[in-house]
Amino acid sequence: MRKEIYGLVLHLSSAVVFVVYLGWALIPDDVLEAVGVTYYPNKYWSLAIPIFLLGLIPFTLLMYTAINLLRTPGLASFETVTDSFSPLLVIPSMERTSIGKGEATANGRSTSPDGGASGTSADRWKPDGQLHGDALADAPLDLVTRAVFAGV
């Protein structure tokens, strides 16, 4: 019940603020002074604030993208190296393919009969177009590359 009241109050108060804003922006100064409203900001701000807010939207999107790109490690970084203890993205909707004499394990790696790892994840998995996986896992770089550049 409380959320509905807060929503109603927010809706009504935003409508009142918008009507007051339109009155301040569109009504001439002489009429406002005749009604008794003498203290209000300059009419310049009636255009400057919305333009500033509209400019803030693309700036925020660009900065968010730029910060994420700056925080992403490069392909040659040691942070992108995975080993047998790394939680890799396991995609249940992908079929396993044969890798010579080895078998694919649960974490997406294959082992050859002599115990060593063989092949790449591109050799082990064929996507069917659906990407499902755990919430926290590393996606293999070749899988990401295939997903990003599938149409190229």
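Residues numbered from 1 in each chain as written. Predicted model: local features only at pLDDT ≥ 70, side-chain atom pairs only at ≥ 80, totals over all residues. Heavy atoms only, no water.

We now examine the overall build of the protein. Within the protein, the regular secondary structure consists of five helices and four strands. N-terminal to C-terminal, the α/β element order of the protein is α-α-α-β-β-β-α-β-α. Considering the protein as a whole, with its 152 residues, one finds that 14% of them fall into the buried category. Considering only intrachain contacts with a sequence separation of at least 6, the fraction spanning at least 24 residues in the protein is 47%. For the protein, the accessible surface area stands at approximately 12300 Å², while carbon and sulfur atoms represent 68% of it. (Helix = DSSP H or I, 4+ residues; strand = E, 2+ residues; numbered from the N terminus. Buried < 20%, exposed > 50% of the residue type's maximum accessible area, 1.4 Å probe, protein only. Contact = heavy atoms within 4.5 Å. Areas by Shrake-Rupley, 256 points an atom, 1.4 Å probe, with all protein chains shown as cover.)

Position of Ser-46 among the secondary structure elements: in helix α3 (residues 44-71). A distance of 2.6 Å separates the side chain of Ser-46 from the backbone oxygen of Lys-43, its partner in a polar contact. (Polar contact = N/O pair within 3.5 Å; in protein donor to acceptor, adjacent residues only side chain to side chain.)

Turning next to a nonpolar patch on the surface. Residues Tyr-44, Trp-45, Ile-49, Phe-52, Leu-53, Leu-56, Phe-59, Met-63 and Ile-67 make up a contiguous nonpolar surface patch of roughly 920 Å² in combined accessible area. Following the sequence through the fold, Leu-53 ends up in helix α3. Under the relative-accessibility criterion, Leu-53 is labelled partly exposed at 46%. (Patch = residues over 30% accessible without salt bridge, like charges linked within 9 Å, V, L, I, M, F, W, Y side chains within 5 Å. Salt bridge = Lys/Arg side-chain N within 4 Å of Asp/Glu carboxyl O.)

Our focus in this paragraph is the packing of aromatic side chains. Scanning the model with the defined rule gives two aromatic pairs in all. Arranged with centres 5.0 Å apart and planes meeting at 80 degrees, the rings of Tyr-44 and Trp-45 form a pair that is edge-to-face. Owing to a relative accessible area of 43%, Trp-45 belongs among the partly exposed residues under this scheme. (Phe/Tyr/Trp six-rings, centres within 6.5 Å; stacked < 30°, edge-to-face > 60°.)

Bringing the pattern of salt bridges into the picture now. Per the stated rule, a full pass over the model turns up one salt bridge. With a closest N to O distance of 3.7 Å, Asp-29 and Lys-43 form a salt bridge. Taken together, the residues span a long stretch of sequence, with Asp-29 in helix α2 (residues 29-35) and Lys-43 in the loop between α2 and α3 at a distance of 14 residues.

Further remarks concern the confidence of the model for the protein. On average, residues of the protein score 76 in pLDDT, and 66% of them are at 70 or above. Note on residues 95-126: pLDDT under 50 across the span, and 59 contacts to partners over four residues away in sequence or across chains. (pLDDT = per-residue confidence, 0-100.)

As a further point, take the packing of helix α1 (residues 2-26) against α3. Here α1 crosses α3 at 130 degrees, and the two axes come no closer than 8 Å. In terms of their interaxial angle, α1 and α3 are classed as oblique. The segment α1 lies against α3, with Tyr-21, Trp-24 and Ala-25 engaging Trp-45, Ser-46 and Pro-50. Of the residues contributing to the contact of α1 with α3, the split by class is five nonpolar, one polar and no charged. (Axes fitted to C-alpha atoms, helices over the stretch in contact; angles between N-to-C directions. Parallel < 35°, antiparallel > 145°, perpendicular 65-115°, else oblique. Nonpolar A, V, L, I, M, F, W, Y, C, P; charged D, E, K, R; others polar.)

Relative to the helices and strands, Leu-22 resides in helix α1. A C-alpha to C-alpha distance of 8.6 Å links Leu-22 and Ser-46, two positions 24 residues apart in sequence.

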